[in-house]
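Per-entry structural report
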Amino acid sequence: MSKIPSAIEPTTLTPQERQELSSTEQSSFVGRMDKEIFNDELHRKMREDLIDTYDEELENEIDDYVRDFRFDGREMSEQERLNRRTYFQELVRLQRELIKLQDWVVARGERIVVIFEGRDSAGKGGAIKRITQRLNPRVCRVAALPAPTEREQTQWYFQRYVAHLPAAGEIVLFDRSWYNRGGVERVMGFCTDAQYEEFFQSVPEFERMLVRSGIRLVKYWFSITDDEQHSRFMSRIHDPLKQWKLSPMDLQSRRRWEDYTKAKETMFERTHIPEAPWWVVEGNNKKRARLNCIAHLLDQIPFKEVPRDEVELPERKRDDEYYREPIPDDMYVPPRY
């Protein structure tokens, strides 16, 4: 399989923007792809995924304006400019609403749990990142639990997840959750048939208990096609910044696509309850999936904007007798840039 060459420099950027962009490690692999690579549908999707990596960085700089440019030097069409502008503008608008939600949660002492499940590489992490991007990490936090330890394997199955549930004024996003038992553990043989059946007997009542206690529970399943997952896995293989995302379990999921499909169907059938229904996010288009998920999440919670007190910056107090000791030169970080 051909290796993706190093990057070409975006010619439509200003010198200052080009200098800033080239300072990232990502610029080492985005471009200098020859024309033959672009003729292949798989590599075209891989290239789009690399561009999306750049977009993730640009999203931190879009409060005041939206930048319209390509990364291969070609002029962007009017429709492409419109699509990208619409995405960025909608993302910022939705993130403003998320801040209002955050303020409401804190003011009312609400507790919110959002579960993100789905195929490997379906876009769960990207959606979570956009939700938390501008929120207070003390209010909205992510729970992404590793494989259970030997001790945890002897506990009540839900015990280690309960420890991460929110207190008053908190939002917890589960990047995979107790549904591991209904998915990867079942497919990979990490649980017995008895444990699997007990899970489905317990989880509906467990979630009803959470809801009765006052927790607002929302469950999302990110869905992508077989072909789309294949192209995203190939992109990760060739992307040095994303290779860490490919675990042995991810690779096994390609071989066991149909097994995971059957497990998902069983999970929907037995855990889609009125108190905590499943919501499916179509994930083939990452940007649409993110916007749709955030907009839907906001619709599920009846929050209202909380008035903020006007903030006045106090004057700094100065002490004429205070002397600031100089910092030794060898304590400074070298100014390489």
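Residues numbered from 1 in each chain as written. Predicted model: local features only at pLDDT ≥ 70, side-chain atom pairs only at ≥ 80, totals over all residues. Heavy atoms only, no water.

Moving on: the packing of helix 9 (residues 193-212) against helix 12 (residues 257-271). Viewed as axis vectors pointing N to C, helix 9 and helix 12 meet at an angle of 45 degrees, and their least axial separation amounts to 10 Å. Regarding the angle of helix 9 to helix 12, the classification is oblique. Judged by the twist between their axes, the crossing of helix 9 over helix 12 is right-handed. Where helix 9 approaches helix 12, its residues Y196, E197, F200, Q201, V203, P204 and E207 are matched on the opposing element by T266, M267, R270 and T271. Residues of the contact of helix 9 with helix 12, tallied by class, amount to five nonpolar, three polar and three charged. (Axes fitted to C-alpha atoms, helices over the stretch in contact; angles between N-to-C directions. Helix = DSSP H or I, 4+ residues; strand = E, 2+ residues; numbered from the N terminus. Parallel < 35°, antiparallel > 145°, perpendicular 65-115°, else oblique. Left-handed = near helix turned anticlockwise from the far one by under 90°. Contact = heavy atoms within 4.5 Å. Nonpolar A, V, L, I, M, F, W, Y, C, P; charged D, E, K, R; others polar.)

This brings us to the pattern of salt bridges. Scanning the entire structure with this criterion turns up 19 salt bridges. We note a salt bridge from R176 to D120, for which the minimum N-O separation is 2.8 Å. In this pair, R176 sits in the loop between strand 3 (170-175) and helix 8 (184-188) while D120 sits in the loop between strand 1 (111-118) and helix 5 (124-132), placing the two residues 56 residues apart along the sequence. Residue class for D120 comes out buried when judged on its relative accessible area of 14%. Notably, a salt bridge pairs D226 with R254, separated by 2.7 Å at the nearest N-O pair. With D226 in helix 10 (residues 226-238) and R254 in helix 11 (residues 248-255), the pair connects residues that are 28 residues apart, well separated along the chain. (Salt bridge = Lys/Arg side-chain N within 4 Å of Asp/Glu carboxyl O. Buried < 20%, exposed > 50% of the residue type's maximum accessible area, 1.4 Å probe, protein only.)

Before going further, it helps to spend a moment on the packing of helix 5 against helix 13 (residues 286-300). As a packed pair, helix 5 and helix 13 sit with axes 9 Å apart at the nearest point and diverge in direction by 55 degrees. Judged by the angle between their axes, helix 5 and helix 13 are oblique. Viewed along their axes, helix 5 and helix 13 form a crossing whose handedness is right-handed. Facing G126, A127, R130 and I131 of helix 5, the residues of helix 13 in contact are R290, I294 and L297. A per-class count over the contact of helix 5 with helix 13 returns four nonpolar, one polar and two charged.

Once that is clear, we can look at the environment of K262. Tracing the backbone through its elements, the reader meets K262 in helix 12. Each C-alpha atom, one on K262 and one on G183, is 9.3 Å from the other, the two residues being 79 residues apart in sequence.

So, on to the nonpolar core. With 32 residues, the main nonpolar core has L101, V114, F116, I131, L173, Y220 and F222 as its most contacted residues. The set of elements that each furnish at least two residues to this core consists of helix 4 (78-108), strand 1, helix 5, strand 3, strand 4 (215-223) and helix 13. Residues within four places of V114 in sequence aside, it is in contact with V172, L173, F174, V218, Y220 and L297. By size, the runner-up hydrophobic cluster in this structure holds 26 residues, among which are Y157, F200, I273 and A276. (Core = buried A, V, L, I, M, F, W, Y, C linked by side-chain atoms within 4.5 Å.)

On inspection of all chains with the given rule, the structure shows 20 aromatic pairs. When the ring of Y179 is compared with that of F199, the centres are 5.8 Å apart and the planes differ by 85 degrees; the resulting orientation is edge-to-face. Separated by 20 residues along the polypeptide, Y179 in the loop between strand 3 and helix 8 and F199 in helix 9 bring together distant segments of the chain. (Phe/Tyr/Trp six-rings, centres within 6.5 Å; stacked < 30°, edge-to-face > 60°.)

When pLDDT is averaged along the protein, the result is 85, and 80% of the positions lie at 70 or above. Of the regions scoring below 50 in pLDDT, residues 1-13 engages in 43 contacts with residues more than four places distant in sequence or in other chains. Here residues 63-69 scores under 50 on pLDDT; set against residues more than four positions off or in separate chains, the count is 15 contacts. (pLDDT = per-residue confidence, 0-100.)

Moving on, we get to the sheet that holds strand 1. Spatial strand order, 2-3-1-4-5: five strands in an open sheet with parallel pairing. Whereas interior strands pair on both sides, the edge strands pair on one side only; in this sheet they are strand 2 (140-143) and strand 5 (278-282). Between one strand axis and the next, the sheet turns by 25 degrees as a mean value, whatever way the strands run. (Pairing = 2+ DSSP bridges.)

Of all the nine residues making up strand 4, eight are buried; the element is thus mostly covered by neighbouring parts of the structure. Where strand 1 lies against strand 4, eight bridges are found, and the strand directions are parallel. By the bridge assignment for strand 4, G118 is matched with F222. As paired elements, strand 4 and strand 5 share five bridges and run parallel to each other. Across the sheet, F222 pairs through a bridge with V281, a residue of strand 5.

Looking now at unusual backbone geometry. Even without glycine at this site, S121 takes up a positive phi of about 70 degrees. One non-glycine residue, R176, adopts positive backbone phi at about 75 degrees. We classify R176 as partly exposed; its relative accessible area is 22%.

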